[in-house]
Amino acid sequence: MRIPTLVKGLAAAAILAVSATAALAEKIVVSNWDGYMPKDIAEKFKAATGIDLEVSVHATNEEIMGKVTASGGQGYDVLFVSSPFAEALNKMGLLAPIDAAKIPNLKNLYPEATQLKHDPGNTFSVPYTWGTTGLCYRSDLVKSEPDSWASLLNPADDVKGKTTMLATDRWLMAPAFLLAGKSVNTTEQADLDAARDQLIATKKTLLAYDDTTFYSKLVSGEASLVEAWDGWCNYGIASKPEIKYVIPKEGSDLWVDTMVITKAAANPEGAAKFIDFIMNADNGKWMVENIMYKSPNKAAMDALDPAMLKQYPNMAIAPAELLKFEQLRDLGDGMKAFSKTVSEIMAAK
Amino acid sequence: MLPGLFWLMALMVLPCLLIFGLIFFERGIYGGIDWSAMTLENIRRAFDPLYAVILWDSFRIAGLATAIALLVGYPAAYAISKAPEKAQTALLFLAILPFWTNYLIRTYAWIVLLNPAGLINTALASIGLGPWPLLYNEFAVVLGLVYNYTPFVILAIFAALQRLDPSYAEASRDLGATAATTFWRITLPLTAPGVAAGAVFVFVLSIGNFITPDLLGGGKFQMAGNLIYDQFLTARDWPFGATLSAGLIIIMLILLFAQALFSRRAMGER
């Protein structure tokens, strides 16, 4: 009996030794939406820095929030999240400060991109993409070109039953707030009640709430006017040039997807190198050409083929214009009243 | 018995206890759970009439789906039980064949069929009818639920019909009852436990379903499943989501208990 035990012990020691050597090879873990960076990013990053990159995928902000809050950020070095979530993670003390000295490519950002309201000076987050939420429509199917949120919320007869709104709570409510001249972050009960009444009336005129296939509904002609993120409208424009995008005259929100480093990161140096790598002009250009979002990275936008800006006019919106719009912020304690209002709208007939 | 008990504890009792535990805490300001103080606030919030309305709507839609699934499933199960033994296996296999495809894909397939430019409306148009609004309404939601859960009804009722001793029906016919009377007074009452089991399957699964209302209802129908999903994922209010879940679990337990009592009584009468 002794000998096998000894052999087992030796084997265990050998395994330990092997894994110890393996741990010496540097590695970082990044969680991102599926397809939101080049497929070969791991090979490229390894070639550039010698660091192994493990990409994990989350389907929504909420999903990664759940994982990170449950584990305190353990197991992740870099996360891609939308700005209100970056803000919440930071307030919960789960993020590491961004050290500008370690990310020289921060210089590629437009000056406006360093002054975002959720994080002026990029102290805990680095913007990856940004854009607006507006109206995406079939110019050949609508009688008059939409120019206001009222075109969606109180639709003319020719588009009734052929409109969709975004289903995610914050973007579901934003058009009603904007039309009423309120902040997209309001949690005043009177504003919530007014938005609820408007949106319940609007619900009867909708084809559907849709976060994921609204642009294909435009392409097929099922819908003729939809609330859309500008980048997603571009997917429709790509297959049907009659599709157009407009920011309503009452304005839009400014949405920003960001990169953050967790406080629990096992390899903060590698994390900074990764963000620096993503910030180079090539990777930024890949994102714009393939995801069709605008980039806050000036070097990437300058590298674009001007024909692209012509085909997708919303890509040419100037950063100074974007900054005029209010960003969605974490609602904190206001979330309970806000989410109850959303339930009221959803339950209404 | 012991391994069974272990799995029941690990996969059923513990998760339920976790949910029940969360009820007494509040959402932290930035999401997550504030463990610092216990409160009954979530229970007070859950008694808002709004949630009763949503629950009632879910019951109505799930009830409708259950009724239709039974009306479709019983004749199907009956026909299968009367088929030659060799064919039975093949027919049951066909009934569960859809489960080999992912639920989401099957639901998207219905969108392809039902949309205004879809197969059904195109076919209708070719004979001068339509287009009918088949998608993004209650009809589509109920259809999706019936489609997905009817196989459970077929299996449950088929099992009950299999266990039924054919001599009861023969005796009834011998004593001069018509086929219809035999079915209503002998076969149906004796297979009631199978009907009840199938009904509970459809009802419970429908209440908790959030994908079908989202995709086929165009997000316009808030069922209990959607409400709980939204509390956990969108509002990041786990304690309140847990409270609503607990309420649903309690109501479902009462229903299951009632069904068990009913089955036992039906068995006892035999």
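Note: the structure precedes this text.
Remember, it's a predicted structure, so these values are computed and weren't measured experimentally. (Residues numbered from 1 in each chain as written. Chains lettered and ligands numbered in written order. Predicted model: local features only at pLDDT ≥ 70, side-chain atom pairs only at ≥ 80, totals over all residues. Heavy atoms only, no water.)

(A) Just the overall build of chain B, in detail. Along the backbone of chain B there are 13 helices and two strands. With respect to the principal axes defined by its C-alpha atoms, chain B has extents near 75 × 60 × 35 Å. In chain B, buried positions account for 42% of the 270 residues. When the accessible area of chain B is evaluated, it comes to approximately 14,700 Å², of which 75% is carbon and sulfur surface. (Helix = DSSP H or I, 4+ residues; strand = E, 2+ residues; numbered from the N terminus. Buried < 20%, exposed > 50% of the residue type's maximum accessible area, 1.4 Å probe, protein only. Areas by Shrake-Rupley, 256 points an atom, 1.4 Å probe, with all protein chains shown as cover.)

(B) Summary view of empty space enclosed by the protein. All names here are of chain A. Summed over the entire model, instances satisfying the criterion amount to one cavity of 30 Å³ or more. A volume near 60 Å³ is recorded for the largest cavity. Lining the largest cavity are Pro127, Tyr128, Met259, Ile278, Met279, Gly284, Met287, Ser295 and Asn297. Put simply, the parts of the chain that give the lining of the largest cavity at least two residues each are strand 4 (126-138) and helix 11 (281-291). In the lining of the largest cavity, the residues fall into six nonpolar, three polar and no charged. (1 Å grid on protein atoms, 1.4 Å probe; cavity = no way out; pocket = protein on both sides within 12 Å on 5 of 7 lines; lining within 4 Å. Points joined across faces, edges and corners; volume = space filled by probe spheres on them. Nonpolar A, V, L, I, M, F, W, Y, C, P; charged D, E, K, R; others polar.)

(C) View of the pattern of salt bridges. All names here are of chain A. In the structure shown here, the tally under the stated rule is 28 salt bridges over all chains. Between Glu54 and Lys27 there is a salt bridge, with its nearest N and O atoms 2.8 Å apart. Note that Glu54 is positioned in strand 2 (residues 52-57) and Lys27 in strand 1 (residues 27-32), a separation of 27 residues in sequence. Residue classification places Glu54 among the partly exposed residues on the basis of a relative accessible area of 38%. With a relative accessible area of 42%, Lys27 lands in the partly exposed category. A salt bridge links Lys102 to Glu269, with the nearest nitrogen and oxygen atoms 3.1 Å apart. (Salt bridge = Lys/Arg side-chain N within 4 Å of Asp/Glu carboxyl O.)

(D) Region of interest: the layout of surface pockets. All names here are of chain B. Taken as a whole, the second largest pocket spans an internal volume of roughly 430 Å³. Along its surface, the second largest pocket is lined by 21 residues, and Ala46, Leu55, Leu244, Gly247 and Leu248 are the ones closest to its centre. At the level of secondary structure, the elements contributing two or more residues to the lining of the second largest pocket comprise helix 2 (41-46), helix 3 (49-82), helix 12 (224-234) and helix 13 (238-269). Sort the elements by how many residues they give to the lining of the second largest pocket and helix 13 lands first, with eight residues. For the lining of the second largest pocket, the class distribution of residues is 18 nonpolar, two polar and one charged.

(E) Inspection of the state of the cysteines at higher detail. Residue and element names in this part refer to chain A. In this structure the tally under the stated criterion is one disulfide over all chains. Through a disulfide, Cys136 is tied to Cys233; the S-S separation comes to 2.1 Å. Here Cys136 and Cys233 share a disulfide; its torsion about the S-S bond, 85 degrees, makes the bridge right-handed. Here the residue Cys136 occupies a position in strand 4, and Cys233 occupies one in helix 9 (residues 230-239), the gap between them amounting to 97 residues. Cys233 matches Cys136 in its accessibility class, with the two residues each being buried. (Disulfide = S-S within 2.5 Å.)

(F) Quick peek at the nonpolar core. In terms of nonpolar packing, the biggest core is built from 106 residues, with Phe80, Met173, Met259, Phe274 and Ile275 of chain A touching the most fellow members. For this core, the element with the most residues is helix 6 (residues 169-179) of chain A, which contributes seven residues. For this core, the domains that each give at least three residues are domain 1 (28-130 + 256-316) and domain 2 (131-254 + 327-347) of chain A. Those residues in contact with Met259 of chain A that sit more than four places away from it in its chain are Val78, Leu79, Phe80, Phe124, Ser125, Val126, Pro127, Tyr128, Ile275, Ile278 and Met279 of chain A. One finds Tyr74, Val141, Val195 and Met223 of chain B within the second-largest nonpolar core, a separate group that totals 25 residues. (Core = buried A, V, L, I, M, F, W, Y, C linked by side-chain atoms within 4.5 Å. Domains from an automatic or database assignment. Contact = heavy atoms within 4.5 Å.)

(G) Spatial organisation of the packing of helix 4 (residues 85-96) of chain B against helix 7 (residues 138-163) of chain B. Residue and element names in this part refer to chain B. Interaxial distance between helix 4 and helix 7 falls to 9 Å at its minimum, and their mutual angle equals 155 degrees. The orientation of helix 4 with respect to helix 7, classified from their angle, is roughly antiparallel. In this structure, helix 4 meets helix 7 at a crossing whose hand is left-handed. Here Gln88, Leu92, Ala95 and Ile96 of helix 4 lie close against helix 7, whose contacting residues are Pro151, Ile154, Leu155, Phe158 and Gln162. Here the contact of helix 4 with helix 7 is composed, by residue class, of seven nonpolar, two polar and no charged. (Axes fitted to C-alpha atoms, helices over the stretch in contact; angles between N-to-C directions. Parallel < 35°, antiparallel > 145°, perpendicular 65-115°, else oblique. Left-handed = near helix turned anticlockwise from the far one by under 90°.)

(H) Looking closely at the interface of chain A and chain B. Contacts between chain A and chain B engage 27 residues on the former and 28 residues on the latter. Contact between chain A and chain B buries roughly 2,500 Å² in total, counting both sides, with carbon and sulfur atoms accounting for 58%. Per-residue buried area on chain A facing chain B is highest for Glu62, Glu222 and Lys336 of chain A; these three make up 20% of the total on that side. If you look at where chain A meets chain B, you find four salt bridges. (Buried area = accessible area lost by both parts, 1.4 Å probe.)

(I) Representation of helix 12 of chain B. Residues of helix 12 of chain B that are buried include every one of Ala224, Gly225, Asn226, Leu227, Ile228, Gln231 and Thr234 of chain B, and no others. A positive backbone phi angle near 50 degrees is found at Arg236 of chain B, which sits one or two residues after helix 12 of chain B.

(J) The arrangement of unusual backbone geometry in detail. Residue and element names in this part refer to chain B. In the Ramachandran plot, Tyr136 falls in the positive-phi region, its phi being about 60 degrees despite a non-glycine side chain. Tracing the backbone through its elements, the reader meets Tyr136 in the loop between helix 6 (119-126) and helix 7. A positive phi angle, near 50 degrees, is found at Arg236, a position not held by glycine. Its place among the elements puts Arg236 in the loop between helix 12 and helix 13. Arg236 sits in the buried class, given a relative accessible area of 9%.

(K) Expanded view of the packing of aromatic side chains. In this structure the tally under the stated criterion is 31 aromatic pairs over all chains. Taking 5.0 Å as the distance between ring centres and 80 degrees as the angle between the ring planes, the aromatic pair formed by Phe80 of chain A and Tyr128 of chain A counts as edge-to-face. With Phe80 of chain A in strand 3 (residues 78-82) and Tyr128 of chain A in strand 4, this pair connects stretches of sequence that are 48 residues apart. Judged on exposure class, the residue Phe80 of chain A and its partner Tyr128 of chain A are both buried. Seen in terms of ring centroids, Tyr110 of chain A and Trp130 of chain A are 6.3 Å apart; in terms of plane orientation they differ by 20 degrees. Their pairing is stacked. Of this pair, Tyr110 of chain A sits in the loop between helix 4 (83-91) and strand 4 while Trp130 of chain A sits in strand 4; the two residues are 20 residues apart in sequence, bridging distant segments of the chain. Following the ring pairs from residue to residue traces out a cluster consisting of Trp33, Tyr36, Phe45, Phe80, Tyr128, Trp255, Phe274, Phe277 and Tyr293 of chain A. Cation over ring: Arg170 of chain A sits above Phe338 of chain A, and NZ or CZ is 5.6 Å from the ring centre. Above the ring of Phe240 of chain B, the side-chain terminus of Arg45 of chain B is found at 4.0 Å from the ring centroid. (Phe/Tyr/Trp six-rings, centres within 6.5 Å; stacked < 30°, edge-to-face > 60°. Lys NZ or Arg CZ within 6 Å of the ring centre and 35° of its normal.)

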